[in-house]
Amino acid sequence: YTDSTEGALLLENSSTNLLTYSEAFDNSYWIKGGSSALGGFTSPKGDLSAFKLVEDSSTGAHFMYRNITSTTVGNDYSASIFVKKGERDYFVLGTQTSQDAYFNLSTGVIKSSAISSKITALSNGYYICSITWTATSTSESIYIYNSEDGLTRNYTGDGTSGVYIYGAMLEANSVASSYIPTNGSTVQRAAETCNGSGNSEVLNDSQGVLFANISALSDDGTNRFISLTDGSNDNRVLFGYRASSNQVFARIEGNNSASVDLTNVVSDTEIVIKLAIYYDSSFNYKMYLNGFLVDNAIGTDSIIGLDTFDFTNATGTENFYGKTKEIAYYDTALTDAELETLTSYRSLNEMV
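Criteria and thresholds
- Note that residues are indexed from 1 along each chain, following the sequence as it is written.
- Given that the model is predicted, a residue must reach a pLDDT of at least 70 before its local features are reported, and side-chain atom pairs must reach 80 or more before they are shown or counted; all residues, however, enter totals for whole chains, interfaces and linings.
- To obtain the side-chain values, all non-hydrogen atoms of the structure were used and water was disregarded.
- Each helix is a run of DSSP H or I of at least 4 residues and each strand a run of E of at least 2, with the numbering of both proceeding from the N terminus.
- Each residue is placed in one exposure class: buried if its accessible area under a 1.4 Å probe, protein chains only, is under 20% of its type's maximum, exposed if it is over 50%, and partly exposed if it falls in between.
- Contacts are assigned to residue pairs with any non-hydrogen atoms lying within 4.5 Å of each other.
- Residue exposure ignores everything except the shown protein chains as possible cover, and the areas themselves are Shrake-Rupley values with a 1.4 Å probe.
- Asp and Glu are treated as the negative residues and Lys and Arg as the positive ones, with His and the ends of the chain left uncounted.
- Throughout, a charge is located at the NZ atom of Lys, the CZ atom of Arg, the CG atom of Asp or the CD atom of Glu.
- Buried residues of nine kinds, namely Ala, Val, Leu, Ile, Met, Phe, Trp, Tyr and Cys, make up a nonpolar core once their side-chain atoms join them within 4.5 Å.
- At least two bridges found by DSSP between two strands is the condition for calling them paired.
- Axes here refer to lines fitted to C-alpha atoms; in helices the fit is confined to the stretch in contact. Angles between the N-to-C directions go from 0 to 180 degrees.
- When a carboxyl oxygen of Asp or Glu is within 4 Å of a side-chain nitrogen of Lys or Arg, the pair counts as a salt bridge.
- Known as pLDDT, the predictor's confidence for each residue is given on a scale from 0 to 100.

Caption draft 1: Summary view of the overall build of the chain. What the chain contains, in helices and strands, is one helix and 27 strands. Principal-axis analysis of the C-alpha atoms gives the chain an extent of 75 × 40 × 35 Å. Here the chain holds 352 residues, and the buried ones make up 48% of them. Nonlocal contacts in the chain, meaning residues at least 24 apart in sequence, comprise 69% of its contacts between residues at least 6 apart. Carbon and sulfur atoms make up 47% of the accessible area of the chain, which totals about 14900 Å². Each charge class in the chain was averaged separately, 20 positive and 40 negative side chains, and the resulting centres sit 8 Å apart.

Structure (structure tokens):
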């Protein structure tokens, strides 16, 4: 529950932390250059398990790294770590091919990057810094550097300055997912699911509205859907994010007839949206997004047998991996004014 005081349901796919010592930065597993790892500092979870990446007084790079020899050429990999400013305001996360991202830990922005990167603020001075790249070798590395000015990795250290680090992760994933702790071996997180909502007594075949306040984890070229269904793709109302970049998508199918698609493009799938899909007995279908009617169409056949609410495309695939702040189903046809109100934001705070 880090998005707001209301929280969000976070569903993620399966992933494995390929780093076998994700927190023990003083372990010889982490190879140091021009630096050392000093323990006993406050971590993001409040205990004293964080380390400080302390630079020595040499001229050059002040870093630690770990090499992984089981990567696959052409696959996407993501590295992430919790970082907090110390005497140094700048931190660098990179790969062995010098694909670096420079993070400003005072302002929470990325100063420069030669790689896909992201920084996310936490409430205790820490940031989650991450990078994503496509492997060009069967041996990939994660490098962690101090930086004096956010422009270069090389400078003359003072022997005491550094940044605080905790919880490193390297995963075969196109987006950095939630941290998986390790201590001596790799650890896998199972794909997350959410079950047990909705049945034939709740869901109305003839009319209704499916609503969600959601965001995707990334614009990663995959379909991610939420649906009302009879357990097949013959009768279903689904919506979510399509593989097409930044596309919000809905599909309504009744009695195995020709489907009706509704679409709209958003600026960024990681931004929270309010989305509602309307259907009625006259086969009218509407998509409302953030307070506006953005698409509508007329179908040809009735939906029958709805008995399941699901975080998939209705047949158990194309899982919705993302954040859900609100989810609701209305078993009656809401008015246009009600749909506009339902999907409108009452304040800017709701949009994060």
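Caption draft 2: Geometry of the nonpolar core. Ranked by internal contacts, the top residues of the largest apolar core, which has 34 residues, are Ile226, Leu228, Phe239, Ile273 and Tyr279. Those elements giving two or more residues to this core turn out to be strand E18 (208-216), strand E19 (224-229), strand E20 (236-241), strand E21 (247-253), strand E22 (260-265), strand E23 (273-279) and strand E24 (284-289). The residues contacting Ile226, other than those within four sequence positions of it, are Leu210, Ala212, Ile214, Val237, Leu238, Phe239, Phe309, Asp310, Phe311, Thr312, Phe320 and Ile327. Ranked by size, the runner-up nonpolar core spans 32 residues in total, among them Phe51, Ala101, Val163 and Ala168.

Caption draft 3: Broad picture of the sheet that holds strand E3 (residues 31-33). The strand order E3-E7-E14-E9-E10-E11 describes an open sheet built from six strands, whose pairing is antiparallel. Strand pairing shows two members of the sheet lacking a second neighbour, E3 and strand E11 (109-113), which therefore form its edges. Within the sheet, the average angular offset between the axes of one strand and its neighbour, ignoring direction, is 20°. Here strand E7 (residues 63-68) pairs with strand E14 (residues 140-147) via six bridges, running antiparallel. Paired with Asn67 across the strands is Ser141, a residue of E14.

Caption draft 4: Quick look at the sheet that holds strand E25 (residues 292-298). In spatial order, the strands read E1-E27-E18-E23-E24-E25; together these six strands make up an open sheet with antiparallel pairing. At either end of the open sheet lies a strand with only one pairing partner, and these are strand E1 (9-11) and E25. Across the sheet, the mean angle from the axis of one strand to that of its neighbour is 25°, orientation sign disregarded. One ladder, built from five bridges, connects E23 with E24; its direction is antiparallel. Within E24, the residue paired with Tyr278 across the bridge is Lys286.

Caption draft 5: Examining the pattern of salt bridges more closely. All told, the structure shown has twelve salt bridges when counted by the stated rule. Across the pair Lys45 and Asp47 runs a salt bridge, and its minimum N-O distance is 3.7 Å. Among the residues examined, Lys45 registers a relative accessible area of 55% and is labelled exposed. The partner of Asp336 in a salt bridge is Lys286, with the nearest N and O atoms 2.7 Å apart. Residue Asp336 is located in helix H1 (residues 336-342), and its partner Lys286 is located in strand E24; the two are separated by 50 residues in the primary sequence. The network of salt bridges with shared partners includes Glu55, Arg88 and Asp158.

Caption draft 6: Just the confidence of the model for the chain, in detail. Mean pLDDT over the chain stands at 92; residues scoring 70 or higher make up 97%. Of all helices and strands in the chain, the one with the weakest mean pLDDT is E1 (90), whereas strand E5 (residues 50-55) scores best (98).

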